[in-house]
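Report on the structure
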Amino acid sequence: MTVTLHSALSPSLRTFSNLLGTVYRHGNLNYSPDGNSVISPVGNRVTVFDLKNNKSETLPVATRRNIVCVGLSPDGHLAILVDEEGATLLVSLISKSVLHHFHFHTRVHSVSFSPDGRRFVVSKENVVLMYHAPGKTREFNPFVLDKSYFGPYDETTCIDWTDDSKCFAVGSKDSSTWVFGTQRWHNLIYYSLGGHKDSIVACFFEEKSLDIYTLSQDAALCVWQCDTDIEDLQPPKSKRKADSNQNEEFGGANADVIRGKVESEQEKIGKVKYSRVAKHFFNKEKDFNDLTAAAFHKKTHLLVTGFASGIFHLHELPEINLIHSLSISDQRIESISINMSGDWIAFGCPGVGQLLVWEWQSESYVLKQQGHFNNMAALCYSPDAQYIVTGGDDGKVKVWNTSSGFCIVTFTEHTSSVTAVTFNSTGFVVLSAALDGTVRAFDLHRYRNFRTFTSPRPTQFFSLAVDVSGEIVCAGSQDSFEVFVWSMQTGRLLDVLAGHTGPISSLTFSPTHTLLASASWDKTVQLWDMFDSWRTKETLRLNSDVVDIAFCPDGKELAVVTLDGQITFWDHQNAVQTGSIEGRHDLQVGRKELDKITAKQAAKGRSFSTLCYSADGQSVLAGGQSKFVCIYNVKEQLLVKKFEISCNLSLDGMEEFLDRRKMTEFGSMALIDDGAGDDDGVAISLPGVRKGDMSLRHFKPEIRVTCLRFSPTGRSWAATSTEGLLIFSLDGAVVFDPFDLDEDVTPSSVRRVLRQKEFTAAIMMAFRLNEEKLTLEVLENIPHAEIDVVCSTLPLLYVEKVLQFVASALETSRHLEFYLTWAQQLLCLHGHKLKARSVTSLPMIQSLQRSIQHHFDTVSKLCEWNRYNIQYALALSKQRGMKRPAEMAESDGESDRESSGCDVATEQLMDSSD
């Protein structure tokens, strides 16, 4: 029996890998128990930012709507994700999988685990629910309700626990704070605290105490002191004993009534009592700002408060000493979190999508990331696939590191929406076109805008292309229907290509020929010969407006997307159409809330808006105003797979059918403005009294894919969408993908052949099984002296597979010289054969180049740092030897011994450097 998987199906194995471009949307931030990672909700997903290793990872789990609150267990193994409608996921952060589904059927305000990890509390409406937390043993239902607490008259806002998990406090919008016991303590069942005039934002217990701090939205802080220590909470007395004693004392039919009277008279004796000892106000000297978020570190007594103006304060309690006050931006701070050591403070601003981690002692940033706070319009991979550049409607150009997931630089020179971005052939220059009438070139060495290309008259650029040499820059105009050509070296305008009668929608250079293809809304694609004075070589006429075009990596084929939903393939050398795909039915457009027609009827007027070829040219990706990205096989012209970009129902255009529950006799419920009366929108408290910005309204953004690009390495592809920058990768999940497998190829047989020192056969069998750990074991057990022999006997098919594996292993392995020897021998022995198959082997070579370049940069920095340290030590020893007086050396023997020790250390350092 033999199992063979064709390479054309390999893109279907790609899974969601990471989410870039967006770092924070809404909800509460959490630190991991070790304090080295920040867990941030991004839409309906969760991203973990590793601050120590400078990496970010988006968990492969998603809720049905935007996440509003996240609860993290004390050991950091479990997380509870709650969305806008109360649907809840219990997620394992170890296996990164969903363990349980639950639904609270209403909006949840906060979730908090007890410090001992045995319970967690959920606040919804004016009710507080306490559940047994999932344990380490297998359970049928992880969410077991323990108690329900009633007390507040309005919605609850915040939760905090005591250190021993005996009590917890809940704040409410009715300006009251309630203290509840996890058990019915004899001297504390519940206690209500007033003293505020606005809704409670946060409440915090003191360390190992029942003393509590409460903060309200009007920037007021109340300090409450308890007359009972936390160890003095008394367990409830036996009910039978109490009933018998009271019946003997009072007796008769009125025992219940009398007992109630006696308890009401005696409840003041021995019960827990609170007294307000202080009340403080923030921002007395400045304009009044609402308090929006707060966090308290119990060990260091550090209080951090955030305001609607973007200002945050650091105070030391209980003296209320101001440490410092800073401003993040002019947007409201929604969430604040402090790590376990109390050194790092995380802030989240949903208005600009900003996440900031501040080290308050050194007053420096640990992390400062901000995504595009508007739609992302374009993206492009660097030639080595290490970076992705994105442009958005906010006028910013951002460069993202694909391995770490962080934005390394942001360019803000554009004054209008960025419509197209690209790299030059070297990967060190980023070019961007915008609606402000400029094309700008940015240097990634010095991070500056070193060239600005403009047109003779003001125009809006909608498309951009750079030739293979990087010397010619072209941009298409939206209003003058012309293509402008500049020189990269001089910045001069070389030519203006006229001939289109509609806006230029897309530009692209052929990777192998001197051709520029321009697509326009005038239903034509024109091919311009760069070496023949930009003469029009061919004009391809289509049946509808052209939206996007893309060249195949070998330069022999051109794919065109038109407004009628078709993808056509052209042999541009002979101007002959070679095939077409009807993609309108595969787009599967969702229904908007205000649409009066069905989703099936709406799909008839939609089309793909962007497409790109895979790295090997065998497949093409297409996306548009839909939640799906379709991948087609070019040769067979068949749909291979549909990737679902998002399942977030908080976006518009997601549902296929009309929800009758939202329809009334007056129309759809979507016509009602959700922003009225909300904290973020318009708040009208009394007739004639208005508060907030009357122009601010809530809306549901529509799901769409604006740009698609395949990685040059062929291992991943990226899409800019309403959700952010999504990356789908072959390396994102463990997939069993055997190659030419038969019954004799098993892990035990592979290890047996390896022990027999038949290394070539062991490698071939391991790659036929295609299991990464087994392949790594076989490769690293081959002696270093046998590498050249094994490489010379490998067939060409397995040479490509070994090179691809070496490229991926180089990224994480410590055996740098070992894998570099493999790469060198394979390229030297099989270089001519690989060059003949350059189209299929180019992504693999680029992946190898990316790994080697990454290690080269890392080792170069380390060597430069070591060289600097050695030079500094030598210079310091020479300076001490010149300035040391002879008499001081004779009189002070101890100094001589120290200096001789320094000289010995210096000599040892010099010997090690040599």
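You'll find the structure just up there.
Residues numbered from 1 in each chain as written. Predicted model: local features only at pLDDT ≥ 70, side-chain atom pairs only at ≥ 80, totals over all residues. Heavy atoms only, no water.

**Comments concerning the pattern of salt bridges**
Applying the stated criterion across every chain yields a total of 14 salt bridges. Across the pair Glu85 and Arg65 runs a salt bridge, and its minimum N-O distance is 3.2 Å. Separated by 20 residues along the polypeptide, Glu85 in the loop between β7 (78-83) and β8 (87-92) and Arg65 in the loop between β5 (55-58) and β6 (67-72) bring together distant segments of the chain. Residue classification places Glu85 among the partly exposed residues on the basis of a relative accessible area of 40%. A salt bridge links Glu155 to Lys173; the nearest nitrogen and oxygen atoms lie 3.3 Å apart. On the criterion of sequence distance, the pair formed by Glu155 in the loop between β13 (144-150) and β14 (156-161) and Lys173 in the loop between β15 (167-172) and β16 (177-181) is long-range, its members being 18 residues apart. With relative accessibility at 30%, the residue Glu155 sits in the partly exposed group. Lys173 gets classed as partly exposed once you look at its relative accessible area, which sits at 35%. Salt bridges linked by common partners bring Arg119, Asp146 and Lys147 together as one network. (Salt bridge = Lys/Arg side-chain N within 4 Å of Asp/Glu carboxyl O. Helix = DSSP H or I, 4+ residues; strand = E, 2+ residues; numbered from the N terminus. Buried < 20%, exposed > 50% of the residue type's maximum accessible area, 1.4 Å probe, protein only.)

**Some details on helix α10 (residues 816-836)**
Since the α-helix packs 3.6 residues into each turn, any two residues three or four apart lie on the same face. Between its first and last C-alpha, α10 extends 28 Å over 21 residues, near the 30 Å set by a 1.5 Å rise per residue. Helix geometry: α10 is bent most strongly at His830, by close to 75°. When α10 is considered as a whole, its buried residues turn out to be Phe818, Tyr819, Thr821, Trp822, Ala823, Leu826, His830 and Leu834. (Expected span 1.5 Å × (residues − 1). Bend = angle between axes of the 7 residues up to and from the residue.)

**Quick notes on the nonpolar core**
Ile763, Leu794, Val802, Val806, Trp822 and Leu826 are the most contacted members of the largest nonpolar core, which totals 36 residues. At the level of secondary structure, the elements contributing two or more residues to this core comprise α5 (747-755), α6 (759-769), α7 (772-780), α8 (787-793), α9 (796-810), α10 and α11 (838-883). Per element, the largest residue contribution to this core is nine residues, and it comes from α9. In terms of nonpolar packing, the next biggest core, distinct from the first, is built from 19 residues, Cys167, Leu188, Phe205 and Val272 among them. (Core = buried A, V, L, I, M, F, W, Y, C linked by side-chain atoms within 4.5 Å.)

**Considering empty space enclosed by the protein**
The full count for this structure, using the stated rule, is two cavities of 30 Å³ or more. The computed volume of the largest cavity comes to approximately 40 Å³. Forming the walls of the largest cavity are Val589, Gly590, Lys592, Arg606, Gln625, Ser626, Lys627, Gly653, Glu702 and Ile703. For the lining of the largest cavity, the class distribution of residues is two nonpolar, four polar and four charged. Empty space within the second largest cavity amounts to approximately 40 Å³. The wall of the second largest cavity is formed by Leu19, Leu20, Gly21, Thr22, Val23, Thr47, Phe49, Ser56, Trp400 and Gly405. Going through the elements one at a time, β1 (15-20) and β4 (45-50) are the ones with two or more residues in the lining of the second largest cavity. Looking at side-chain class alone, the lining of the second largest cavity contains five nonpolar, five polar and no charged residues. (1 Å grid on protein atoms, 1.4 Å probe; cavity = no way out; pocket = protein on both sides within 12 Å on 5 of 7 lines; lining within 4 Å. Points joined across faces, edges and corners; volume = space filled by probe spheres on them. Nonpolar A, V, L, I, M, F, W, Y, C, P; charged D, E, K, R; others polar.)

Remember, this is a structural readout, not a statement about activity or role.
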